[in-house]
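Below, each chain spelled out in residue letters.
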Amino acid sequence: MNDQPNQDRTTNVLIVGVGGQGVIMVSKVLALMCQKNGYQVKQSEVHGMAKRGGSVFSHVRFGSEVWSPTIPAGEADVLLALEWAEGLRWLNYLEPTDGTFITDTQHIVPPFACLNRKRGADRVYSKETPAEIVAEVANGLALDATSMATDLGNPRASNTVLLGTLSTALDFPVEEWLDVISEFVPPKTIEINRQAFMTGRDWSERAKTETVSETTATPDVVIPEDLQVADQVTPDHAANDDFELRLTREWCKGCDICVKMCPERCLGLDAEQLVELRHPDRCTGCRVCEWLCPDFAIDVIRTSFKKMSA
Ligand code: SF4
Ligand code: SF4
């Protein structure tokens, strides 16, 4: 990996994902970091639909003097993907000889990819594996940032895990990253976002020197009790030996996407228009509802994974 991009020329960072993931927050944190370090910065962004499934991307260019706000194809020094398939869609923007591809391996499947809702039906979605893609790029870091953030107590902090990974590709001080992130996140989530940043950074530094897998990548951390998602989980859940489905009703806005798209018709909206699990016995743990929920209100926890890593 190129640890220290040449700052005499313009450095290009392309950040991509889908609505609700925090692409713009990542972009703003990076732009402010560049400004604080004395660089001229140009940033441009396109917002998709304000829910999962809509593409969002942001170009950030910085250097001693920057003219254009957009990155030409093949010239991104870093392509940072908050969503797997979005990352693949933009791979042609990555600089081919020394560019760094950083991606969350989590899939957020757009509703149109789940039209066949029969049990076990195939989704129209990328079939490539992280190992196949990492082997094709000059520098590749594919990590399960969403699970890392979930283990810390807040899946919404996955973008901060990825900022930690990005920080290993750019030459800015760690404390400055942490200070700038603290300016952008809600005050009560500052501590968890600091942990998320360091989790992503530590993972990347270990990935450079040793082979780390998604399951061995998450270090043990102590989560303050008031930040634990478990506090917000309703008793409504489905579980078997391999998975547990949890609903965080406080985050549900009643959009009905999960209800409509569940292949087994397990879910419904209650009288308050919040998600409820009506048929836990039917749930297969397929994760379609988790991937589609725009508000991270559903988690399918792999209990077999938790037992392995305990
Ligand atoms: S994981 Fe979600 S989408 Fe899949 S069967 Fe269970 S409730 Fe339905
Ligand atoms: S759980 Fe998520 S997808 Fe389901 S109704 Fe609530 S906000 Fe919508």
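Preceding this section is the structure that the text describes.
The structure displayed is predicted, hence computed values, not measured ones.

Asks: For this particular structure, what's the right way to read the site of ligand 2?
Replies: If you check the shell around ligand 2, you find 13 residues, and the closest are Cys252, Cys255, Cys258, Val275 and Cys293. Its residues assigned to classes, the shell around ligand 2 comprises nine nonpolar, one polar and three charged.

Asks: Teacher, can you tell me more about the packing of helix 5 (residues 158-167) against helix 6 (residues 174-184) here?
Replies: Orientation of helix 5 relative to helix 6, taken along the N-to-C sense of each, is 155°, at an axis distance of 11 Å. Put simply, helix 5 runs roughly antiparallel to helix 6. When you trace helix 5 past helix 6, the crossing you get is right-handed. Only Val174, Trp177 and Ile181 of helix 6 make contact with helix 5, whose side of the interface consists of Thr160, Leu163 and Ser167. Here the contact of helix 5 with helix 6 is built from residues that sort into four nonpolar, two polar and no charged.

Asks: Just checking my understanding: could you explain the site of ligand 1 for this structure?
Replies: Around ligand 1, the surrounding shell holds 14 residues, and the nearest of these are Cys262, Cys266, Cys283, Cys286 and Cys289. Taken together, the residues of the shell around ligand 1 sort by class into 10 nonpolar, two polar and two charged.

Conventions adopted
Each chain has its residues counted from 1, following the order in which its sequence is written. By the order in which they are written, chains take letters starting at A while ligands take numbers starting at 1. Per-residue local features of the predicted model are confined to residues with pLDDT of at least 70, and side-chain atom pairs are confined, for both listing and counting, to 80 or more; whole-chain, interface and lining totals are unaffected and use all residues. Here, nearness is defined through the C-beta atom: a residue counts as near a molecule or strand if that backbone-placed atom lies within 6 Å of it. Note that Gly is not counted as nonpolar here; it falls among the polar residues with everything else outside the nonpolar set of Ala, Val, Leu, Ile, Met, Phe, Trp, Tyr, Cys and Pro and the charged set of Asp, Glu, Lys and Arg. Lines fitted to C-alpha atoms define the axes here, with helix axes fitted over just the stretch in contact, and angles between the N-to-C directions of these axes take values from 0 to 180 degrees. Segments assigned H or I by DSSP are reported as helices when at least four residues long, segments assigned E as strands when at least two residues long, and all are numbered from the N terminus. The labels follow the angle: roughly parallel below 35 degrees, roughly antiparallel above 145, roughly perpendicular from 65 to 115, and oblique for the rest. Whether a crossing is left-handed or right-handed is set by the direction in which the near helix is turned from the far one by less than a right angle, anticlockwise for left-handed and clockwise for right-handed. Two residues form a contact once the distance between their C-beta atoms, set from the backbone, is within 7 Å.

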